[in-house]
Each structure stands twice: as structure tokens, then as C-alpha cells.
Amino acid sequence: HAIENQEIFIKYQPQVNISNNKIIGFEALMRINSSKLGNLSPKEFIPIAEESGLIVELGEWILREACVFNKSLIDQGVLPYIVSVNISSVQINRTGFITMLDSVLKETHLLPKYLELEITESTLVSSLLDATTLLNSIQALGVRISLDDFGTGYSSLNYLTSMPINTLKIDKSFIDNIGINEKDAYIAETIIQLAHSINVDVIAEGVEYQEQLDLLKRNNCDIVQGFIYSKPLLPSALIDILH
Ligand code: C2E
Ligand code: CA
Ligand code: CA
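Notes on the structure follow.

**So, the coordination of the calcium ion (ligand 3)**
Right, so step 1: Ligation of the calcium ion (ligand 3) by protein atoms is provided by Asp149 (OD), Asp171 (OD) and Glu205 (OE), these donors lying 2.2 to 2.4 Å from the ion.
Right, so step 2: For the calcium ion (ligand 3), all donor residues lie on one chain, and their spacing in sequence is D-x21-D-x33-E.
Right, so step 3: The distance between the calcium ion (ligand 3) and the calcium ion (ligand 2) comes to 5.5 Å. One end of the pair, Asp149, is in strand S6 (residues 144–150); the other, Asp171, is in the loop between strand S7 (167–170) and helix H8 (172–175), with 22 residues separating them in the sequence.
Right, so step 4: Residue Asp171 is classed as buried on the basis of its relative accessible area of 12%.

Given below as C-alpha cells:
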């Protein structure tokens, strides 16, 4: 009942261009503040929502809200930013996903190039029925695609080169070690170089420390998302820092 009780809300975490410190977009992250259960982490409720199928409704809700929010920012005259929305494997495998996406864009009047869908590597590799067709349909709508959680699971270079992917997000658990483990630093460097050679931008996720940021800068990483710049923010707080 979280939707109807208006217990769901969104925080947005800025994504920052590493070379000029400018915000280029933000990721929409779902939150529930339940009157009965208090604040719930998405790590708790997303898996349950996926098992029960409720993720389909929740996912459509956040997609629409994020598009409405981003369109309102553009209408207020701030520079256009890209809003990123996480898409669950359960959601994307449902027939009608592309139709739903298309109608949300039409209803909200957000230009598709200002929307990015974050799809995890594991969704793509293990649970997408027909990944190529789906991703091509998303791309055909003009919506950007980001490969989430890269580096922890399959690190499938094949997917990276054969799918229409705009950005690759190096997972936090991997970024955690780049400052302390030389091997991890080399791997990060190699992933960034490979991504660049096929025109894919790289986002480093969960950057907390200056040493991590310095290393990513030296290796020409494009975008950083992490507490070092900002935690996920309520819409009003995000608008404040955008201004
Ligand atoms: P994710 O997609 O990997 O999102 C990034 C997570 O890392 C977020 O956690 C964010 O708050 C956290 N994070 C970012 N920078 C830092 C940092 O510097 N340090 C630390 N310690 N954490 C950082 P959050 O918001 O708790 O979300 C957890 C996961 O829940 C997300 O991981 C995503 O898989 C899922 N999720 C959240 N919202 C949605 C949604 O609307 N739909 C779906 N399907 N999944 C969602
Ligand atoms: Ca994500
Ligand atoms: Ca992640």
C-alpha cells in the first residue's frame, strides 16, 4: 500500500563530470518511509518487491516521477540533466515494457535523451530473455542505457562490445579497493580504456575518498557518483545545489 499511502519517495544522487566538477545528471533512488516499519532501505524492499511482482508497479511509478521531475527542471530553465532510473530484471522481462516506456515519455514530454535506464550486468547476462532486441528497442526510442554494477560479476566484455550501451558503471565494491589494491587499480584502468575505445563513458560509483578520486582522474574516468561529492538528496536539496 506504499504507493497509495504516499510512503514512497525518491532521492536523487548527483553524477559529476570528473574533469570540470559539473553535475551532468542524477540517479533516482527509491525510498520508503512506512508508518508501520519506519525507513526501509531499497536493499530490503526491492528483492521482496521483485519476488512478489510489485516491482512492476513500483518501477513504473519511479520512472514516471523521475521523468516528471526532470521535465519540470528543464521547464524551469536549468541546464538539461540526464536522470537515471534503475530497471529490475523482473520489470524489463515483462511484455509491454517498451510500450510502457514509450507512453511514459509521451505523457511526461521528457525528451528521451534526458533519460537513462540503469540495467545491471547480471540482468543482461543471465536473466534477459532477448537482450539484444530489448536494448535495441530502448535505443530506438532515444533513451540512454547504462550498464550497472560492472566489475563484480561477469564483467562481460562481449556484452559491452555488442550491445548499444552508452555508459558503464564500475560497481562500488570494486571502487572500494582501487586505492589500496594495485591489481584492482590496474583492472579499473583497463576497463576505462576498453570502454573508451568503443565510445562508452565510464561512471565510478560509490567514490568516498580523495585517493580514489585522484586515481580515477589519472585514469581518465569520465563521471563520478559518490559521497565524496554528494549523498542522495531530496528533490528540493538537489534543486538548491543545481542553482
Ligand atoms: P545501485 O543501483 O548500485 O545504487 C547505488 C547505491 O550506492 C545507492 O544505494 C547509493 O545510495 C549508494 N551509494 C552511492 N554512493 C555511495 C558512496 O559513496 N558510499 C556508499 N556507502 N554508498 C553509496 P541505495 O539507494 O541504498 O540503493 C541500493 C540499491 O537498491 C541500488 O543499488 C539498486 O540496485 C536498488 N534500487 C534503488 N532504487 C531502485 C529503484 O527505483 N528500482 C530498482 N529496480 N532498484 C532500485
Ligand atoms: Ca544503479
Ligand atoms: Ca552498484
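**Some words on unusual backbone geometry**
Right, so step 1: Look at Asn21: it is not a glycine, yet its phi comes out positive at around 60 degrees.
Right, so step 2: As for its placement among the helices and strands, Asn21 is situated in the loop between strand S1 (8–17) and strand S2 (23–34).
Right, so step 3: Judged by its relative accessible area of 48%, Asn21 is partly exposed.

**Re the side chain of Ser146**
Right, so step 1: As for its position among the elements, Ser146 is in strand S6.
Right, so step 2: At a separation of 3.3 Å, a polar atom in the side chain of Ser146 contacts the side chain of Thr167.
Right, so step 3: Among all residues touching Ser146, those that are not within four sequence positions of it are Glu116, Leu117, Glu118, Ile119, Thr167 and Lys169.

**Overview of the pattern of salt bridges**
Side-chain pairing between opposite charges can occur once the charged atoms of the two side chains come close.
Right, so step 1: Taken as a whole and judged by the stated rule, the model has 10 salt bridges.
Right, so step 2: The partner of Glu205 in a salt bridge is Lys169, with the nearest N and O atoms 3.4 Å apart. In this pair, Glu205 sits in strand S8 (residues 201–205) while Lys169 sits in strand S7, placing the two residues 36 residues apart along the sequence. Across the pair, exposure class does not vary: Glu205 and Lys169 are buried alike.
Right, so step 3: With a closest N to O distance of 3.9 Å, Lys172 and Glu208 form a salt bridge. Taken together, the positions of Lys172 in helix H8 and Glu208 in the loop between S8 and helix H10 (210–218) put the pair 36 residues apart, joining distant regions of the chain.

Cut-off values and rules
- Residues numbered from 1 in each chain as written.
- Chains lettered and ligands numbered in written order.
- Predicted model: local features only at pLDDT ≥ 70, side-chain atom pairs only at ≥ 80, totals over all residues.
- Heavy atoms only, no water.
- Donors = N, O, S within 2.8 Å, 3.2 Å for Na, K, Ca; no water.
- Helix = DSSP H or I, 4+ residues; strand = E, 2+ residues; numbered from the N terminus.
- Buried < 20%, exposed > 50% of the residue type's maximum accessible area, 1.4 Å probe, protein only.
- Polar contact = N/O pair within 3.5 Å; in protein donor to acceptor, adjacent residues only side chain to side chain.
- Contact = heavy atoms within 4.5 Å.
- Salt bridge = Lys/Arg side-chain N within 4 Å of Asp/Glu carboxyl O.

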